[in-house]
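# What the coordinates show
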Amino acid sequence: MTASATQRAIDAIWRIESARLIAGLARLVRDVGLAEELAQDALVAALERWPESGVPDNPGAWLMATAKHRAVDLFRRSKLLERKHEELGQELEAQRALAVPEFDAALDDDVGDDLLRLVFTACHPVLSTEARVALTLRLLGGLTTGEIARAFLVPEPTIAQRIVRAKRTLSEAHVPFEVPRGAELEARLSSVLQVIYLVFNEGYSATAGDDWVRPALCEDALRLGRILAGLVPKEPEVHGLVALMELQASRLRARVGPSGEPVLLLDQNRGRWDQLLIRRGLAAIERAEALGGARGPYTVQAAIAACHARARRPAETDWARIAALYETLAELVPSPVVELNRAVAVSMAFGPAAGLELVDALLSERSLEDYHLLPSVRGDLLAKLGRFDEARAEFERAASLTHNERERKLLLDRARACPRPST
Amino acid sequence: MRFMILIKATKDSETGALPSTELLTEMGKYNEELVKAGILLAGEGLHPSAKGARVKFSGGKRTVVDGPFAETKELIAGFWLWQVKSKEEAIEWVKRCPDPMPGTESEIEIRQVFEAEDFAPSDPTGELMEKENQLRELTESKRR
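Residues numbered from 1 in each chain as written. Chains lettered and ligands numbered in written order. Predicted model: local features only at pLDDT ≥ 70, side-chain atom pairs only at ≥ 80, totals over all residues. Heavy atoms only, no water.

Across its full length, chain B holds four helices and six strands. Taken over 144 residues, chain B has a buried fraction of 34%. In chain B, 76% of the contacts between residues at least 6 apart in sequence involve partners at least 24 apart. Only carbon and sulfur atoms are counted for the fraction: they give 56% of the accessible area of chain B, which is about 9400 Å². (Helix = DSSP H or I, 4+ residues; strand = E, 2+ residues; numbered from the N terminus. Buried < 20%, exposed > 50% of the residue type's maximum accessible area, 1.4 Å probe, protein only. Contact = heavy atoms within 4.5 Å. Areas by Shrake-Rupley, 256 points an atom, 1.4 Å probe, with all protein chains shown as cover.)

A separate point is unusual backbone geometry. Pro68 of chain B follows Gly67 of chain B through a cis peptide bond whose omega is 0°. By secondary structure assignment, the location of Pro68 of chain B is in the loop between β4 (61–66) and β5 (76–83). One non-glycine residue with positive phi stands out, namely Leu153 of chain A, at about 55°. Topologically, Leu153 of chain A is positioned in the loop between α7 (145–152) and α8 (156–172). According to the relative accessible area criterion, Leu153 of chain A is partly exposed, its value standing at 47%. Positive phi values are uncommon outside glycine, yet His174 of chain A reaches one of about 50°. With respect to the helices and strands, the residue His174 of chain A is situated in the loop between α8 and α9 (182–204).

Residue and element names in this part refer to chain A. For helix α18 (residues 388–401), built from 14 residues, the straight-helix expectation of 20 Å at 1.5 Å per residue is met to within 8% by its first-to-last C-alpha distance of 20 Å. Along α18, the positions that sit buried rather than exposed are Ala391, Arg392, Glu394, Phe395, Ala398, Ala399 and Leu401. Taken together, the buried residues of α18 touch α17 (373–384) and α19 (405–417). (Expected span 1.5 Å × (residues − 1).)

Residues annotated by UniProt as "domain: YCII-related" (unreviewed entry) correspond here to residues 1–111 of chain B. Helix makes up 27% of residues 1–111 of chain B and strand makes up 33%, while its end C-alpha atoms are separated by 11 Å. (UniProt positions renumbered as here; feature names shortened; annotations may be inferred.)

Summed over the entire model, instances satisfying the criterion amount to 36 salt bridges over all chains. Between Glu36 of chain A and Lys167 of chain A there is a salt bridge, with its nearest N and O atoms 2.4 Å apart. With Glu36 of chain A in helix α2 (residues 32–53) and Lys167 of chain A in helix α8, this pair connects stretches of sequence that are 131 residues apart. The same class applies to Glu36 of chain A as to Lys167 of chain A, namely buried. Salt bridges here are not isolated pairs; linked through shared partners, they connect Glu17 and Arg20 of chain A together with Glu92, Lys95 and Arg96 of chain B. (Salt bridge = Lys/Arg side-chain N within 4 Å of Asp/Glu carboxyl O.)

Checked against the element boundaries, Ile22 of chain A lands in helix α1 (residues 3–29). Along the backbone, Ile22 of chain A and Glu37 of chain A are 15 residues apart, and their C-alpha atoms lie at a distance of 8.7 Å.

What follows is about the sheet that holds strand β1 (residues 2–8) of chain B. Strands belonging to one sheet form pairs held by backbone hydrogen bonds; the direction of such a pair is parallel or antiparallel. Residue and element names in this part refer to chain B. Overall, antiparallel pairing links the four strands, which are arranged β2-β5-β1-β6 in an open sheet. Here the strands that pair on one side only, and so sit at the sheet edges, are β2 (40–45) and β6 (108–112). For this sheet, the mean inter-axis angle between neighbouring strands, taken without regard to orientation, is 15°. In this structure, β2 lies alongside β5, joined through five bridges in antiparallel fashion. Among the inter-strand pairings, Gly43 is bridged to a residue of β5, identified as Trp80. Each of β2 and β5 touches helix α2 (residues 21–36); the most contacted strand, β5, lies at about 25° to it. (Pairing = 2+ DSSP bridges. Axes fitted to C-alpha atoms, helices over the stretch in contact; angles between N-to-C directions.)

Residue and element names in this part refer to chain B. Burial within β1 is extensive, with six of its seven residues counted as buried. When β1 meets β6, the two strands line up antiparallel, connected through five bridges. In the strand pairing of β6, Ile5 is matched with Ile110.

Let us look at the packing of helix α6 (residues 129–139) of chain A against α9 of chain A. All names here are of chain A. Packing of α6 against α9 brings their axes to within 10 Å, and their N-to-C directions diverge by 80°. As summarised for this structure, α6 and α9 are arranged roughly perpendicular, according to the angle between their axes. Residues Thr129, Arg132, Val133, Thr136 and Leu137 of α6 touch α9, and the partners they reach there are Ser191, Gln194, Val195, Leu198 and Val199. Taken together, the residues of the contact of α6 with α9 sort by class into five nonpolar, four polar and one charged. (Parallel < 35°, antiparallel > 145°, perpendicular 65-115°, else oblique. Nonpolar A, V, L, I, M, F, W, Y, C, P; charged D, E, K, R; others polar.)

Any two aromatic rings considered together are summarised by their centre-to-centre distance and by the angle between their planes. Residue and element names in this part refer to chain A. All told, the structure shown has six aromatic pairs over all chains when counted by the stated rule. Between the aromatic rings of Trp50 and Trp62, the centroid separation amounts to 5.1 Å while the plane-to-plane angle is 65°, which identifies the pairing as edge-to-face. Linking Trp50 in helix α2 with Trp62 in helix α3 (residues 59–86), this pair joins segments that are twelve residues apart in sequence. Arranged with centres 6.3 Å apart and planes meeting at 10°, the rings of Tyr197 and Phe200 form a pair that is stacked. Of this pair, Tyr197 and Phe200 both sit in helix α9, three residues apart, roughly one helical turn. Each of the two residues, Tyr197 as well as Phe200, counts as buried. Counting every residue linked through ring pairs, the aromatic cluster contains Tyr197, Phe200, Tyr204 and Tyr298. Positioned above the aromatic ring of Tyr204 is the side chain of Arg255, whose terminal nitrogen or guanidinium carbon lies 3.7 Å from the ring centre. (Phe/Tyr/Trp six-rings, centres within 6.5 Å; stacked < 30°, edge-to-face > 60°. Lys NZ or Arg CZ within 6 Å of the ring centre and 35° of its normal.)

Turning our eyes to something else, we now look at the interface of chain B and chain A. On the chain A side, the residues contacting the 32 residues of chain B number 28 residues. Roughly 2700 Å² is buried in total at the junction of chain B and chain A, and carbon and sulfur atoms are behind 50% of that figure. Along the contact surface separating chain B from chain A lie five salt bridges. In this assembly, chain B and chain A are joined by eleven residue pairs in polar contact (both at pLDDT 80 or more). Every element with two or more residues in the side of chain B that touches chain A is listed here: α2, β2, β5, α3 (87–95) and α4 (127–143) of chain B. In the side of chain B that touches chain A, the residues fall into twelve nonpolar, six polar and 14 charged. (Buried area = accessible area lost by both parts, 1.4 Å probe. Polar contact = N/O pair within 3.5 Å; in protein donor to acceptor, adjacent residues only side chain to side chain.)

A separate point is the environment of Val338 of chain A. Residue and element names in this part refer to chain A. With respect to the helices, strands and loops of the structure, Val338 is situated in helix α15 (residues 336–350). Note: C-alpha distance between Val338 and Glu327 (eleven residues apart in sequence) is 8.6 Å. If we skip the residues at most four places from it in the chain, Val338 touches Tyr326, Leu329, Ala330 and Val333.

We now examine the pairing of β5 of chain B. Across a regular strand the side chains alternate sides, sitting on one face of the sheet and then on the other. All names here are of chain B. In terms of burial, β5 is a largely internal element, six of the eight residues being buried. Inspection of the sheet shows β1 paired to β5 by seven bridges, in the antiparallel sense. Its bridge partner being in β5, Leu6 is matched across the sheet by Phe79.

This part takes up the nonpolar core. The nonpolar side chains of a soluble globular protein tend to be buried with one another. If you look at the biggest cluster of nonpolar residues, it comprises 93 residues, and the most contacted ones within it are Phe200 and Leu228 of chain A. Those residues in contact with Phe200 of chain A, other than ones at most four positions away along the chain, are Cys218, Ala221, Leu222, Met245, Gln248 and Ala249 of chain A. Core analysis: the next-biggest nonpolar cluster, separate from the first, contains 23 residues, Ile16 of chain A together with Ala37, Val94 and Cys97 of chain B among them. (Core = buried A, V, L, I, M, F, W, Y, C linked by side-chain atoms within 4.5 Å.)

This is the structure in structure tokens:
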């Protein structure tokens, strides 16, 4: 194997093994940051040795054994240090003898629980949302700092800083490495789901830069969601989120035109929708509903996406059902953005005037002041009502608010397409 | 990116003999690992070629040939569809697969699945895609 082939093999092994490695180590050393350093040390050892010795038959076990040795060394050293300082002598010697076999026993435990602990720790509320995202991708997705930085279009040192600070925060706040129980589980699970969906959305409709979609990031989020569904199979909303992501991802190929421009839902070539992902999404909704999750916010959103997925032609879309689902969603998680979406569905089901009424009620909404989709939707409805001058102004305003270059162009095109009154 | 993982047939698999309980159990565990890693999209085992058929194309002619087919090694006994980051990751996962055909030599083949953007070189201007879209619209408007 050439050096670069070995390097690529190591990258792949890291992606497969790193989360379990870090999770197993974190339970031993009770510190996610330290666990990651130990795992990284083992990776560096692999990078040094494997190009000469070849990749071992069971690389995961090799990495685990190496990391475990480092952990034991570290443990011994700190114990020795402690002994010197406190002159505890014999007693600690006995403790050390006890502690080392514990490492082996602990590492043989079911890895599923460890991974779940890692998910909940990485998404702990003491961390900012951005820190949770970065840490989750790093610890669970096996992404490098560089990959995360590229995905979010921020400088690499920013992400590196964010991760270092996140690990320090967890350590300083003495965040326990555990899966919360009862009511806290619910709250924390929603933070985990939010982080995964944020990653997906950043891939699905990039908020900045000149790409409209970054499919790789969607794939990472989908993978995280599927992992989570495997870890907590009885939580309906996890399946709801997976369903939502599978259904949205089924449209990825159709959302981008030949030169990278966005193609809106109703203009998409439905033949390009991925039927495999649609089937997987619909199956995941069924699982969520069977578990009693029909009124979970992600499951409801998935049900909306499913209405589109089931329609072979735009005209077959069940807009009345979509409008009803948005109404349910608005009760569950009231927000102006949901209301805006409901307005679109209502306009499709009951005409642009009915939709415009709902949109106009949102005009005084402070939180939507800089939200480009408000003028964009309003422009669309006004254009349908033949009020082209107003529509043009709205499209122009929407264009000035978006940070996505592709979207800006689309909106300016729409503004230009509004006929001017003939004089 | 997606990969099709093809399990090649062997003499044994072509006899239609069912896999042993041990192998089924091991494969079940492996499949569970794939699901838990979030990479498994689909996968199935296939009946022997004796139950299959081929349709041969030659100019305008179509000839149906019933199985079984002779070139056992080139036949497929099962497949998975995975979503992974690289070919190397797919290789690493395949290396973790239990021996699919115990007691005989066998092979698993890894092939990348085409994505829309892969066709860009044959369609540099996007004209073909555009035409396809127009065609669809036309057929759809006729149907209406």
